[in-house]
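Below are the chains, spelled out letter by letter.
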Amino acid sequence: MAIIEVTELGKRYGTQAVLDRVSFSVEEGEVFGILGPNGAGKTTTVECVEGLRRPDSGSVRVLGLDPFRQGAELREHIGVQLQHTHLPENLKVWEALDLYASFYDRPRDWRALLEQWGLADKRDARFAKLSGGQKQRLFIALALVGDPKVAFLDELTTGLDPQARRATWELVKRVRAEGVTVVLVSHFMDEVEELCDRVAVLDRGGVVALDSPAGLIDGADAEYRMSFRLMAGDATDPSRLLGDLDGVASVSRTGDLVAVAGRGEFATTVTAALAREGVPVRDLRIDKRTLDDAYIALTGRSLQV
Amino acid sequence: MRTLAKLTTVETKLLVREPGAVFALAIPLFILVVFGSAITEGDTVLLPMAVTMAIGLVGLYLLPTTLATYRERGILRRLSVTPVRPANLLTVQLLLQLALAVLAVALLLAIGIGLLGARAPGPLEFLTAALLGTAAVFSIGLLIAALAPNGRSANGLGVLLFFPLAYLGGLMQPADRMPDILVLVGGYTPFGALRQGLHDAWIGAALAPAPLVTLAVYAVVGGLVAARSFRWE
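Report follows, based on the coordinates. (Residues numbered from 1 in each chain as written. Chains lettered and ligands numbered in written order. Predicted model: local features only at pLDDT ≥ 70, side-chain atom pairs only at ≥ 80, totals over all residues. Heavy atoms only, no water.)

Moving on: the packing of aromatic side chains. Residues and elements named next belong to chain B. Going through the model one piece at a time under the given rule, you end up with eight aromatic pairs over all chains. Look at Phe 126 and Trp 202: their rings are 5.6 Å apart centre to centre, the planes differ by 85°, and that puts the pair in the edge-to-face class. Residue Phe 126 is located in helix 6 (residues 123-147), and its partner Trp 202 is located in helix 9 (residues 190-203); the two are separated by 76 residues in the primary sequence. Looking at Phe 126, the relative accessible area reads 9%, which means it is buried. One aromatic cluster is present, built from ring pairs that chain together Phe 162, Phe 163 and Phe 191. Looking at Arg 71, its charged tip hangs above the ring of Phe 230, at a distance of 5.3 Å from the centre. (Phe/Tyr/Trp six-rings, centres within 6.5 Å; stacked < 30°, edge-to-face > 60°. Helix = DSSP H or I, 4+ residues; strand = E, 2+ residues; numbered from the N terminus. Buried < 20%, exposed > 50% of the residue type's maximum accessible area, 1.4 Å probe, protein only. Lys NZ or Arg CZ within 6 Å of the ring centre and 35° of its normal.)

Structure follows, in structure tokens:
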């Protein structure tokens, strides 16, 4: 069953169209990623879904409710971690959880959340004294304290060091294991590849692709590379041998190192051709195709700015 | 109800932990006690000054800084995705700041009248002037909170307004030692009007209409503009 249904969503600020016919649906129990560069409309999309913004056109249903007209009912059942929000500096960790628990009809036990999210020894610490990772864990705990059916996590790991990012990923997996549907907004490829069941790629206010990370990689037909070294004294001309093969885009040679770039199944074709001609090679390497490559193929530019 | 009670408890704790709240209580009290040694039996000048300063510090400094900080830090926005409406938080804050102003004024009256032997004001006149004055000063505070882009600039605006207003309002020196023209102009500033209204109450006279009308205008205009221009994020 679709928990979130977004149909032909449109939003403009002044004359600037921020979202243009954005459609997707999120199934119960999945981690759904919304990926795109800054300014692609990710946050605006999520804000329309959360009921923070009113769309200009199209329709949004979350748990069967209109986020704008039936917001009061909806807000009982969603948990949100917003980008760029803080808590009052002097608020203690337990007070924040206790306070937010009181907002909901049927909250979770915040003491259990405190344990579960590794904040028990920070119970009486003030917000200002927490580390970046601890703040992030508190924000996730606050997003879950209302026992939501859907949790929205916006740029969860921005500003965290690599170790804290990895740790946060484990937490997101745990949220999902508890049966909460997760909508994850991110501009990190590795994060989306690691965590998401399906991804909507947003670019310039529109959905340019929607698939599983693996499906996006396969479907994007991105160029990737392979390389190998020729044996000493081998007189083979790799350009002549490989240049015209199916899928091969370019062949270059530096000393005994040969690099081949191409698309689709070109790597198999190249290794087969080398075997057929009896050219022995060493250090054969075929680069893994990543979501990053798929993204560049989809949008024509890199995300990692 | 449970939510509002919890919100009030938490916000009260935060207010107590806020050094600014202690300053708002301590500064007028400090001034009263320091100058209090020089006041004579039945003084009617010093308490109106100190009371005005207390209300001014809370309304012009503490209130806008707190509210603008809440908006700047996304606290209001975060609340708007929970079942609680952020307006509840603003209301709780406003009531708490009012309570703080009442506490500050009560302390001044207790010490000023009880310990230092200042004269007691006419109760009805005092309440009228103090209520109208608080409404006027808080409205201006809310306007600052509405217009300031962040907590720091709200704080800066509050302080920037406070000192000239305190000077014109006759809070820096007794009005009878100020040039007449400044007293006249000062009567149309919020602090000046409040202090004059309070002074009337203290000397036992009927309240003059000009300060009351001045305060009412500040309260209504400031409040309306603040309500219209307030941004939640």
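The discussion continues.
Glancing now at the pattern of salt bridges. Residue and element names in this part refer to chain A. For the structure shown, the criterion picks out 27 salt bridges over all chains. A salt bridge links Glu 194 to Lys 173, with the nearest nitrogen and oxygen atoms 2.7 Å apart. With a gap of 21 residues between them, Glu 194 in helix 7 (residues 189-195) and Lys 173 in helix 6 (residues 162-177) connect regions that are remote in the sequence. A salt bridge links Asp 203 to Arg 204, with the nearest nitrogen and oxygen atoms 3.1 Å apart. Residue Arg 204 is classed as exposed on the basis of its relative accessible area of 61%. By sharing partners, the salt bridges in this structure join Arg 229, Asp 256, Arg 282 and Asp 283 into a single network. (Salt bridge = Lys/Arg side-chain N within 4 Å of Asp/Glu carboxyl O.)

We now examine the packing of helix 9 of chain B against helix 10 (residues 209-229) of chain B. Any two packed helices are characterised by how steeply their axes cross, that is the angle between the axes, and by the distance between the axes. Residue and element names in this part refer to chain B. Between helix 9 and helix 10, the shortest axis-to-axis distance is 9 Å and the interhelical angle comes to 140°. Put simply, helix 9 runs oblique to helix 10. For the crossing formed where helix 9 meets helix 10, the hand is left-handed. Along the contact surface, helix 9 presents Pro 190, Ala 193, Leu 194, Gln 196 and Gly 197, while helix 10 presents Pro 211, Thr 214, Leu 215 and Tyr 218. (Axes fitted to C-alpha atoms, helices over the stretch in contact; angles between N-to-C directions. Parallel < 35°, antiparallel > 145°, perpendicular 65-115°, else oblique. Left-handed = near helix turned anticlockwise from the far one by under 90°. Contact = heavy atoms within 4.5 Å.)

Let's shift gears to the environment of Ala 294 of chain A. All names here are of chain A. Examined against the element boundaries, Ala 294 turns out to sit in helix 11 (residues 291-299). A relative accessible area of 1% places Ala 294 in the buried class. Sequence separation between Ala 294 and Tyr 224 is 70 residues, and the spatial gap between their C-alpha atoms is 9.8 Å.

It is worth spelling out a nonpolar patch on the surface at this point. A contiguous nonpolar patch, built from Val 213, Val 217, Val 220, Val 221, Leu 224 and Val 225 of chain B and spanning about 520 Å² of accessible area, is present on the exposed surface. Of note, Val 213 of chain B is situated in helix 10. (Patch = residues over 30% accessible without salt bridge, like charges linked within 9 Å, V, L, I, M, F, W, Y side chains within 5 Å. Areas by Shrake-Rupley, 256 points an atom, 1.4 Å probe, with all protein chains shown as cover.)

This part takes up the interface of chain B and chain A. Every contact between the two is made by 22 residues of chain B and, on the other side, 31 residues of chain A. Roughly 2500 Å² is buried in total at the junction of chain B and chain A, and carbon and sulfur atoms are behind 55% of that figure. Counting across the chain B and chain A interface gives five salt bridges. Between Arg 77 of chain B and Glu 47 of chain A there is a salt bridge; the shortest N-O distance is 2.8 Å. Across the chain B-chain A interface, the total number found is twelve residue pairs in polar contact (both at pLDDT 80 or more). Elements represented by at least two residues in the side of chain B that touches chain A include exactly helix 1 (2-16) and helix 4 (75-79) of chain B. (Buried area = accessible area lost by both parts, 1.4 Å probe. Polar contact = N/O pair within 3.5 Å; in protein donor to acceptor, adjacent residues only side chain to side chain.)

Among the nonpolar cores identified, the biggest contains 116 residues, and Leu 87, Leu 97, Trp 117 and Leu 138 of chain A are the most heavily contacted of them. With 16 residues, the single largest contributor to this core is helix 3 (residues 46-72) of chain B. Dropping the residues within four chain positions of it, Trp 117 of chain A is found in contact with Arg 137, Ile 140, Ala 141, Leu 144, Leu 171 and Val 175 of chain A. In this structure, Val 6, Ala 40 and Val 185 of chain A together with Val 81 of chain B belong to the second largest nonpolar core, which totals 30 residues. (Core = buried A, V, L, I, M, F, W, Y, C linked by side-chain atoms within 4.5 Å.)

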